[in-house]
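Here's the letter readout for the chains.
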Amino acid sequence: MVAIIDYDAGNLKSVEKAFQKLGEEAVITGDFHTILRADRIVLPGVGSFAAAMDQLKKRRLDQVIKEAAEMKIPLLGICLGLQLLFEGSEEHAGSQSTQAEGLGILKGRIVKIPKAEGLKIPHIGWNSLTLQNDGRLFYGISGQPYVYFVHSYYLKAEDDKIVKAVTDYGVTIHASVEWENVFACQFHPEKSSTVGLQILKNFCACKKGITRAEI
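## Description of the nonpolar core
Side chains of nonpolar character tend, in soluble globular proteins, to be buried together. Counting 40 residues, the largest nonpolar core has Tyr7, Leu43, Ile65, Leu84, Leu85, Phe86 and Val177 as the members making the most contacts within it. Non-local contacts of Val177, meaning those with residues more than four positions away in its chain, are made with Leu82, Phe86, Leu106, Leu155, Ile162, Val163, Lys164, Val182, Phe183 and Ala184. Cys79, Leu129, Val195 and Ile199 belong to the second-largest nonpolar core, a separate cluster that totals 29 residues.

This is how it looks when you write it as structure tokens:
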């Protein structure tokens with residue numbers, strides 16, 4: 001069963017439908033026990049980083065997500081969900097701090113896409129990926145696959161080894177990462193046609209407690 005974490009951050013039904021299309025049981029839930037009993041967990045999200053973190057903390061889901069990562073339950077962050085897995089973001093919605101604090105499961109920062117001639121922000125649309133470092137989400141995917149993005153901020157991971165795909169949008173964007181059984185995509189696999197479904201299928205093949213070093 002795939003648990004899709006509900007913390008009032010939108011974009012849940014399209015994720016649920018994508019897993020159902022693959023024949024996977026998927027449930028949208030904010031229940032601690034359901035999440036931690038799941039075979040796989042998805043942290044989706046759209047909107048403000050700071051507001052999303054406030055919602056996770058209010059519902060005590062931040063601790064559940066950290067516990068799931070420690071238990072090595074396969075965990076997939078999508079879009080804002082990727083960003084929340086890291087240490088902090090420049091996007092802070094009125095905070096006095098220059099950084100909004102994230103979950104800190106992975107090391108890195110979320111920064112604003114710089115303005116550049118001919119580029120619109122938010123970055124909305126299809127972009128190609130350059131795959132690297134043999135990511136498990138990209139098994140069976142070759143070349144430079146196109147996926148769908150919607151974002152104004154992007155990841156700068158501290159450790160380049162966890163970066164499994166990048167894209168260019170005026171800057172090099174760390175578009176997908178993997179560390180042990182934690183996975184994340186800045187793009188939306190559930191909106192990325194057959195490539196996106198293959199990525200979700202690959203995620204569903206990951207098992208609790210098993211990392212690349214053990215395969």
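## Focus on the sheet that holds strand S12 (residues 163-168)
What the eight strands build is an open sheet, ordered S2-S1-S3-S4-S14-S13-S12-S9; its pairing is mixed. Across the chains shown, the open sheet's two edge strands, defined by having one partner strand only, are strand S2 (26-29) and strand S9 (130-131). Relative to strand S14 (residues 182-185), strand S4 (residues 75-78) runs parallel, the two sharing four bridges. Looking across to S14, one finds that Ile78 is bridged to Cys185.

## A look at the pattern of salt bridges
In total, this model carries two salt bridges according to the counting rule given. Between Glu16 and Lys13 there is a salt bridge; the shortest N-O distance is 3.3 Å. Of the two residues, Glu16 and Lys13 both sit in helix H1 (residues 12-21), three residues apart, roughly one turn of that helix. Salt-bridge contacts for Glu178 lead to Arg136; the nearest nitrogen and oxygen are separated by 2.8 Å. Within this pair, whereas Glu178 is found in strand S13 (residues 172-179), its partner Arg136 is found in the loop between S9 and strand S10 (146-151), the two being separated by 42 residues in sequence. Neither residue differs from the other here; Glu178 and Arg136 are each classed as buried.

## Focus: the side chain of Ser89
Looking at the secondary structure, you find Ser89 in strand S5 (residues 88-89). Among the polar contacts listed, one links the side chain of Ser89 to the backbone nitrogen of Glu91, at a separation of 3.0 Å.

## Description of the layout of surface pockets
To locate leftover empty space, one rolls a probe as large as a water molecule over the atoms. Size it by volume and the largest pocket reaches roughly 180 Å³. As for the largest pocket, its lining consists of 14 residues, of which Gly47, Cys79, Val150, His151 and Ser152 are closest to the centre. Of all elements in the fold, only helix H5 (80-84) and S10 reach the threshold of two or more residues within the lining of the largest pocket. Residues of the lining of the largest pocket, tallied by class, amount to seven nonpolar, six polar and one charged.

## Some points on the packing of H1 against helix H6 (residues 193-204)
It is the contact of H1 with H6, at a shortest axis distance of 10 Å, that shows an interaxial angle of 75°. Put simply, H1 runs roughly perpendicular to H6. Side by side, H1 and H6 meet where Ala18, Phe19 and Lys21 of the first sit next to Leu197, Leu200, Phe203 and Cys204 of the second. In terms of residue class, the contact of H1 with H6 is made up of six nonpolar, no polar and one charged.

Analysis parameters
- Within each chain, residues carry numbers counting from 1 in the order of the written sequence.
- Local features are withheld for residues below a pLDDT of 70 in this predicted model, meaning they are given only at 70 or higher, and side-chain atom pairs are given and counted only at 80 or more; totals for whole chains, interfaces and linings count all residues.
- Hydrogens are left out, water is left out, and the side-chain values use all remaining heavy atoms of the structure.
- For this analysis, a nonpolar core means a set of buried residues of the types Ala, Val, Leu, Ile, Met, Phe, Trp, Tyr and Cys, connected via side-chain atoms within 4.5 Å.
- A simple rule labels every residue: compare its accessible area, found with a 1.4 Å probe on the protein chains alone, to the largest value its type can have, and call it buried under 20%, exposed over 50%, or partly exposed in between.
- In this analysis, two residues are considered to be in contact whenever any of their non-hydrogen atoms come within 4.5 Å of each other.
- The rule for pairing is simple: two strands pair if DSSP sees at least two bridges between them.
- By the criteria applied, helices consist of DSSP H or I runs no shorter than four residues and strands consist of E runs no shorter than two, each listed in order from the N terminus.
- Any Lys or Arg side-chain nitrogen located within 4 Å of an Asp or Glu carboxyl oxygen qualifies as a salt bridge.
- Within 3.5 Å is the distance limit for a polar contact, defined as a pair of N or O atoms, with the added protein rule that one can donate a hydrogen and the other accept it, and that residues adjacent in sequence qualify only through two side-chain atoms.
- Every definition here rests on a 1 Å grid over the protein atoms only: cavities are sets of points where a 1.4 Å probe fits but cannot get out, pockets are open sets enclosed by protein on both sides within 12 Å along at least five of seven lines, and lining residues have some atom within 4 Å of a point.
- Grid points are joined across faces, edges and corners, and a volume is the space filled by probe spheres set on the points.
- Amino acid classes used here: Ala, Val, Leu, Ile, Met, Phe, Trp, Tyr, Cys and Pro are nonpolar; Asp, Glu, Lys and Arg are charged; the rest, including Gly, are polar.
- Think of each axis as a best-fit line through the C-alpha atoms, taken over the contacting stretch in the case of a helix, with angles from 0 to 180 degrees between the N-to-C directions.
- Roughly parallel means an angle under 35 degrees; roughly antiparallel, over 145; roughly perpendicular, 65 to 115; everything else is oblique.

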